[in-house]
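Spelled out, the chains give:
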Amino acid sequence: MPLNETVILLNIIEPITSINYIREILFPHVASILQDYVSNHKGKYKDDESYQQYLKSWHVQAFEVSISEPVLPGEKMKTIINNNIRPWNMSDSRLNCCMDNYVINMWNLGYETGIIKGHIYEDVLPVLKKLTDLGKKICTYSCFKTSLQENFFKHTDYGDVSGVFSKYFDINMGPKDSETTYKDIANEINVNCSDILFLTNVVADAEAALKAGCNSVLLVRPTSAPLDPEKSSKFRIIKTLDELL
């Protein structure tokens, strides 16, 4: 099927990588290095109120339990980490917890030191390269901050594939379920919304892009949440990216 759109905009989670990559690789990586990371930055964090608020917020979001007194690097914090903070057990609705700058820094460190690699579904890169050969611009729009997206694609199991992508967008552009966000993205890259094809596994986001004037396709992987049959019926649904071509 020919694609008339000039820009292919992809969510990262599920269209490009599995949600299980977040649960099984990224969250455990943070838990494994958090104590050492903060201990190595004692001078920065011991009097850092934003860090204290971050740790409390993470604890609340992960367990719906608050902690009332400051937690400094040391045995008490180590106990909290080891006994309580298990972020990969969080429900998907709380994934915003992992977007904090402290966690982003730890993930970026993991990529830069080679401890973790970006996982990409095997069908993705061949299709994106064909699309770029056709003159399409490939962009991402993700809850991952742009610095993390760049590191994710620079350090994958396939090597540095960042050159495939023209632009990274994150939720600083606005909520994914807001049509205004997609209009702002179109303005940022100097195209009309009708020039954008948005791929996601989330119906609400696809609907917002459609209302903005973009075209939307639902890409549903085996690990994706089930779609609402009625709400998803207005969209083309594919299971692999190569079905676009």
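As a starting point, this report considers the structure included with it. Computed from a predicted model, the values in this text were never measured in an experiment.

Some points on the packing of aromatic side chains
A ring pair, where both rings are aromatic, is described by two values, the distance of the centres and the angle of the planes.
(1) Moving on: With the rule as written, the count across this model stands at ten aromatic pairs.
(2) Moving on: Above the ring of Tyr-141, the side-chain terminus of Lys-176 is found at 5.8 Å from the ring centroid.
(3) Moving on: Sitting above the plane of the Tyr-121 ring, Arg-221 keeps its charged end 4.0 Å from the centroid.

Topic: the nonpolar core
(1) Moving on: One finds Ile-16, Leu-128, Phe-153, Leu-199 and Leu-241 to be the most contacted residues of the largest nonpolar core, which totals 43 residues.
(2) Moving on: If you list the elements that add at least two residues to this core, you get strand E1 (7–10), helix H1 (19–39), helix H5 (101–112), helix H6 (124–133), helix H7 (146–154), strand E4 (196–200) and strand E5 (215–219).
(3) Moving on: Among the elements that take part in this core, H1 stands out by supplying seven residues, more than any other.
(4) Moving on: Look past the residues within four positions of Phe-153 in its chain and what remains in contact with it is Ile-12, Ile-16, Ile-120, Thr-140, Gly-159, Asp-160, Val-161, Ser-162, Phe-165 and Tyr-168.
(5) Moving on: Counting 17 residues, the second-largest nonpolar core is a separate cluster that includes Val-7, Tyr-182, Ile-189 and Ala-209.

Let's talk about helix H8 (residues 179–188)
(1) Moving on: Along H8, the positions that sit buried rather than exposed are Thr-181, Tyr-182, Ile-185 and Ala-186. One side of H8 carries all its buried residues, which in axial view fall inside an arc of 140°.
(2) Moving on: Turning to H8, the residues buried within the fold contact E1, strand E2 (137–142), strand E3 (167–170), E4 and helix H9 (203–212).
(3) Moving on: Two residues or fewer after H8 comes Asn-190, characterised by a positive phi angle close to 60°.

Looking at the environment of Phe-235
(1) Moving on: When you line up the elements, Phe-235 lands in the loop between helix H10 (229–232) and strand E6 (236–238).
(2) Moving on: Taking the C-alpha atoms as reference points, Phe-235 and Ala-206, 29 residues apart in sequence, are found 8.3 Å from one another.
(3) Moving on: Residue contacts for Phe-235: discarding those within four places in its chain leaves Val-203, Ala-206, Glu-207, Leu-210, Ser-216 and Leu-218.

About the thresholds
- Residues numbered from 1 in each chain as written.
- Predicted model: local features only at pLDDT ≥ 70, side-chain atom pairs only at ≥ 80, totals over all residues.
- Heavy atoms only, no water.
- Phe/Tyr/Trp six-rings, centres within 6.5 Å; stacked < 30°, edge-to-face > 60°.
- Lys NZ or Arg CZ within 6 Å of the ring centre and 35° of its normal.
- Core = buried A, V, L, I, M, F, W, Y, C linked by side-chain atoms within 4.5 Å.
- Buried < 20%, exposed > 50% of the residue type's maximum accessible area, 1.4 Å probe, protein only.
- Helix = DSSP H or I, 4+ residues; strand = E, 2+ residues; numbered from the N terminus.
- Contact = heavy atoms within 4.5 Å.
- Arc of directions from axis to C-beta.

Geometry only, nothing functional implied.
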